[in-house]
Amino acid sequence: MVVVGTFSYIYLGSRQSKVAVPPEKPTVSTPRAQAVVLPGTLYVTQSGALYDLSAGRFHQLTAEAGWTQPTVTPDGNSLLVVRQNALFSDVYVLNRFGHVVRQVTDNAAPPRNLDIGYNHWSFYPRLSADGQTLWMTYDGLKCHPECYDVSLAVWSMPFNGNIRQAHAWTDGGYYTGGDVQPIPLAGGVLYTKYSYGPDGKLVGQLWFTSRAGSYGRPLTDPSVDCRSPSLSPDGTQFAMVCTYEKQVSYLTIASWTGETLGPLKNIITNQLVAQPTWAPDGSGIAYFAPGAPAGPFQLWWLPKAAYAPPPPSPSPSPTPGGPHNGPLPSPSPAAAAPPVRPVQLTTNNGFDATSTMVWLG
Amino acid sequence: MSSVAGGLAYFIPAAQLAIESTGKVLQVTPSPSTLPSPSSSAAATVAPINGAFTVLLLGSDDDSKFIGDHVLTQSMILVRVVPSTKQVTMLSIPRDLFVHLSTGGSAKIDGAYSYGGANAAVATVEQDFGVHIDDYIWIGLLGLVKLIDAIGGIDVVTSNPVFDDYYPADIYSNWPYDFERVAVLAGPQHLDGLHAMQYVRSRHGDLQSDIGRSQRQQQVLIAIRQKAKQLSPADLPALSAALGGELKTSMGLSKVAQLLPLASSFDNPDAINQVILANPYTHGCGCPETYLTANWGLILPLVHEYFP
């Protein structure tokens, strides 16, 4: 019995586990051969390092040092990236090769202050279209030390200013949850608000507010539980993920008029979708999702034809000729177009699914 | 030692399937003296289980602030599995609920384990909620971290950002009363053991405090169940090593073997009922000890509906 047990233990231990294999760096292997080559340059993060994907190859731009949530300046020449450590996070400007140009926020508590509650978090940076205003999620509204709350809210500050010039656009609610993922738009800012729905559960909703301090208005219903908005290059659609308060994450799109969202359309319902991002040429949507059930998140690509199929080709016009005496030919049924499916671009990379990706043309 | 290791290697496949079947955490590690023999054929011969069964999941802070097994159960989740309908129900019992203990007297229900171990916790829940519990599974903080790491992490749709400026740094710190800052962002993501623990344990800043935390615990349990389906025999040595000493259960091999045919048959998220005893089922008493008072007139009909 002992021999059998020992043998089985050693035998099993010698086999390669598939479930706990650590992800590889994206630079170890190129995206799958059968995959499409994405246009432009896509920036993603893995294990705290920033990578770009261009011409079908990944390049590591920074060390694994807490880098996450890249976005781009309006001129396309620089990146805004969050650097997170155990106690705080800050927004930095990097050039497109990953070199630090400058630090924008300074969220570390003063060295003399040993209370860790005086540190701050900055996440989800975005620049206004004129490049003058930095928008971000920031926990500046602390009730510390009277309470424990970390209230995330949408803040703005002069891009060339400092954190003391920042002011809150929303109040975040003073509870776990808050307002995150701001997207500055003409006339206001769109963001994800996490708050308690009618059923008592914390859910995400897209909100829009037109001025600092105003209450704002919801764009989606609490029961749909949507978050991670991404605006299409032409500004007419939003992609997002919606969970319906379950452990699912659908890729959902809706038209955008500049004030209201159209009906939600779920276009992927069988994957755990994160961070949908439109291609700069409008040819599709990239997103993260597990490559295998319950596995790390990989890069996927959904061609536009999957959610905006081309209109059917017109019926052939009758051939000119004389009167037709015989039976009319029955039109042969048009072959149904095969469904357009998402394409998995990576197989074992484990990208940071809470990090936005940014895509330049 | 080798017989123990070999026994574990044999035992865990059934355990893994039990995890899937109950929809919940793990199982394994009866005392080594009662570990089944690898040559046992019980698993191959027993009939599959058909009747519903109920398991009490217990999770404890077992860091160095506590002495021996005198720990509180910060998490208590009743899980009922109905094989015939493939329904799973999870009911989280608030740790601050003021109840009669099976060992005598009244106190918060999280103290039942510290007064009399798992059997006392089971007896307390049975007596107060009027349910029959077939088995229990207890896991400590570090055990959950190691388990999730051993299975390669889990995919969770974190329902909201969980930020905590004063999260207890008591697992890896030399000083168990230390704090750390926690920032778990919202949305679908792959969590390792440490971050999954942060997500389910943090309660500062959650308006619903322990109730909100219970909802997050149920999310992680569902994710563990999903990941458990991917396990293969190659994962067993690492799993058994991860769980040693951090997990206790009343389940025996024969019970686990009975659960085998249920494996991977619970795929419908709509068939998982998640029950939280928030207001009006419970309410704070306003007293300094932060007890929750039970509205048994509402709780018992609810419990009897899901745990008949």
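Cut-offs used in this document
Residues numbered from 1 in each chain as written. Chains lettered and ligands numbered in written order. Predicted model: local features only at pLDDT ≥ 70, side-chain atom pairs only at ≥ 80, totals over all residues. Heavy atoms only, no water. Helix = DSSP H or I, 4+ residues; strand = E, 2+ residues; numbered from the N terminus. Buried < 20%, exposed > 50% of the residue type's maximum accessible area, 1.4 Å probe, protein only. Contact = heavy atoms within 4.5 Å. Areas by Shrake-Rupley, 256 points an atom, 1.4 Å probe, with all protein chains shown as cover. 1 Å grid on protein atoms, 1.4 Å probe; cavity = no way out; pocket = protein on both sides within 12 Å on 5 of 7 lines; lining within 4 Å. Points joined across faces, edges and corners; volume = space filled by probe spheres on them. Nonpolar A, V, L, I, M, F, W, Y, C, P; charged D, E, K, R; others polar. Pairing = 2+ DSSP bridges. Axes fitted to C-alpha atoms, helices over the stretch in contact; angles between N-to-C directions. Phe/Tyr/Trp six-rings, centres within 6.5 Å; stacked < 30°, edge-to-face > 60°. pLDDT = per-residue confidence, 0-100. Expected span 1.5 Å × (residues − 1). Salt bridge = Lys/Arg side-chain N within 4 Å of Asp/Glu carboxyl O. Core = buried A, V, L, I, M, F, W, Y, C linked by side-chain atoms within 4.5 Å. Polar contact = N/O pair within 3.5 Å; in protein donor to acceptor, adjacent residues only side chain to side chain.

> Pulling in residues and values, what's your account of the overall build of chain A?
Helices and strands together make up the secondary structure of chain A, namely 1 helix and 24 strands. In chain A, buried positions account for 52% of the 361 residues. Taking the intrachain contacts of chain A between residues at least 6 apart in sequence as the baseline, contacts between residues at least 24 apart amount to 44%. For chain A, the computed accessible surface area is about 16,800 Å², with 56% contributed by carbon and sulfur atoms.

> Residues and numbers for the overall build of chain B, please.
Scanning chain B for helices and strands turns up 9 helices and 14 strands. Counting the 308 residues in chain B, one finds 60% classified as buried. In chain B, once contacts between residues fewer than 6 apart in sequence are set aside, the share between residues at least 24 apart is 70%. Carbon and sulfur atoms form 55% of the exposed surface of chain B, whose accessible area is close to 10,800 Å².

> Describe in detail empty space enclosed by the protein, supporting the description with residues and values.
All names here are of chain B. Overall, the coordinates contain 3 cavities of 30 Å³ or more when judged by the stated rule. Contributing to the lining of the largest cavity are 23 residues, with Gly59, Ser75, Ile139, Leu144 and Gln217 lying nearest its centre. Looking at the lining of the largest cavity, the elements with two or more residues in it are β1 (53-60), β2 (73-82), β6 (135-140), α4 (141-150), α5 (193-201) and α6 (209-228). Of all the elements, α6 adds the most residues to the lining of the largest cavity, at 5 residues. Here the residues of the lining of the largest cavity are counted per class, giving 14 nonpolar, 6 polar and 3 charged.

> Give me α5 of chain B: which residues, what numbers.
Every α-helix winds through 3.6 residues per turn, so residues three or four apart in the chain are directed the same way. Residues and elements named next belong to chain B. Burial analysis of α5 places 7 of its 9 residues in the buried class, the great majority of the element. Restricting attention to buried positions, one finds in α5 the residues Gly193, Ala196, Met197, Gln198, Tyr199, Val200 and Arg201. If you follow the buried residues of α5, they end up packed against α4, β7 (154-158), β8 (162-168), β9 (179-184), β10 (187-191) and α6.

> Before we move on, can you summarise the sheet that holds strand β5 (residues 78-84) of chain A with the specific residues and values?
All names here are of chain A. Across the sheet, 4 strands lie side by side as β4-β5-β6-β7; this open sheet has antiparallel pairing. In this open sheet, the two strands that pair with only one neighbour each are β4 (67-72) and β7 (100-103). Averaged over all pairs of adjacent strands, the angle between their axes in this sheet comes to 30°, without regard to strand direction. Taken together, the 7 bridges between β5 and strand β6 (residues 89-95) define a ladder with antiparallel strand orientation. Bridging across to β6, Val82 finds its partner in Val91.

> Help me get a handle on the packing of aromatic side chains, residues and values and all.
For the coordinates displayed, the defined rule picks out 20 aromatic pairs over all chains. When the centroid spacing of 5.3 Å and the interplanar angle of 75° are considered together, the rings of Trp67 of chain A and Tyr92 of chain A count as edge-to-face. Remark: Tyr92 of chain A occurs in strand β6 and Trp67 of chain A occurs in strand β4; sequence separation between them is 25 residues. Here the two residues Trp67 of chain A and Tyr92 of chain A agree in accessibility, since each one is buried. Aromatic pair Phe98 of chain B and Tyr291 of chain B: ring centres 4.5 Å apart, planes at 65°, arrangement edge-to-face. One end of the pair, Phe98 of chain B, is in strand β4 (residues 98-100); the other, Tyr291 of chain B, is in the loop between β13 (282-284) and β14 (292-294), and 193 residues separate them in sequence.

> Quick rundown of the sheet that holds strand β24 (residues 358-360) of chain A? Include the residues and the values.
All names here are of chain A. Taking strand neighbours across the sheet as the criterion, the 4 strands line up as β3-β2-β1-β24 in an open arrangement whose pairing is antiparallel. The sheet terminates laterally at β3 (57-60) and β24, the two strands that pair on one side only. With strand direction ignored, the average angle separating the axes of adjacent strands in the sheet is 25°. The pairing of strand β1 (residues 41-46) with β24 spans 3 bridges and is antiparallel. Residue pairing across strands places Thr41 opposite Leu360, the latter belonging to β24.

> Give me the lowdown on the confidence of the model for chain A, citing residues and values where you can.
Residues with a pLDDT of 70 or more make up 85% of chain A, whose mean pLDDT is 87. The model gives residues 1-16 of chain A a pLDDT under 50, and that stretch makes 27 contacts with residues more than four places away or in other chains.

> Pulling in residues and values, what's your account of α6 of chain B?
For α6 of chain B, spanning 20 residues, the distance from its first C-alpha to its last is 29 Å, which sits close to the expected 28 Å at 1.5 Å a residue. Burial runs high along α6 of chain B: 18 of the 20 residues are buried.

> I'd like to hear about the pattern of salt bridges, residue by residue, with values.
Taken as a whole and judged by the stated rule, the model has 7 salt bridges over all chains. The partner of Asp139 of chain A in a salt bridge is Arg181 of chain B, with the nearest N and O atoms 3.0 Å apart. Within this pair, whereas Asp139 of chain A is found in the loop between β9 (133-138) and β10 (153-158), its partner Arg181 of chain B is found in strand β9, the two belonging to separate chains. Here Asp139 of chain A matches Arg181 of chain B in class, with each residue buried. A salt bridge links Lys108 of chain B to Asp96 of chain B, with the shortest nitrogen-to-oxygen separation between them at 3.4 Å. Residue Lys108 of chain B is located in strand β5 (residues 106-108), and its partner Asp96 of chain B is located in the loop between β3 (87-93) and β4; the two are separated by 12 residues in the primary sequence. For Lys108 of chain B, a relative accessible area of 19% translates into the label buried.

> Describe the nonpolar core, and please don't skip the residues or the numbers.
The biggest cluster of nonpolar side chains holds 41 residues, and the ones touching the most others in it are Met90, Leu144, Ile154, Val220 and Ile224 of chain B. Membership of the second largest hydrophobic core comes to 31 residues, among which are Leu56, Ala112, Phe129 and Leu292 of chain B.

> Break down the environment of Pro338 of chain A for me, citing the residues and quoting the values.
Residues and elements named next belong to chain A. On the secondary structure map, Pro338 appears in the loop between β22 (297-303) and β23 (343-344). Look at Pro338 and you get exposed, because its relative accessible area is 66%. In sequence terms Pro338 and Ala212 are 126 residues apart; their C-alpha atoms lie 48 Å from each other.

> I'd love a proper account of the side chain of Gln74 of chain B, names of residues and values included.
All names here are of chain B. Among the secondary structure elements, Gln74 is positioned in strand β2. Taking relative accessible area as the criterion, Gln74 reaches 11% and is therefore assigned buried. There is a polar contact of 2.4 Å between the side chain of Gln74 and the side chain of Arg95. Ignoring anything within four residues of it in the chain, the contact list for Gln74 reads Gly59, Ser60, Asp61, Arg95, Asp210, Arg213 and Gln217.

> Can you break down the pairing of β5 of chain A residue by residue, with the values?
Residue and element names in this part refer to chain A. Burial analysis of β5 places 5 of its 7 residues in the buried class, the great majority of the element. The pairing of β4 with β5 spans 4 bridges and is classified as antiparallel. Opposite Val72, over in β5, you have Leu79 as the bridge partner. Counting the residues that bridge the hairpin from β4 to β5 gives 5 residues, and of these Gly76 lies at a positive phi of roughly 75°. Where β5 hands over to β6, the hairpin turn is made up of 4 residues, counted between the paired strands.

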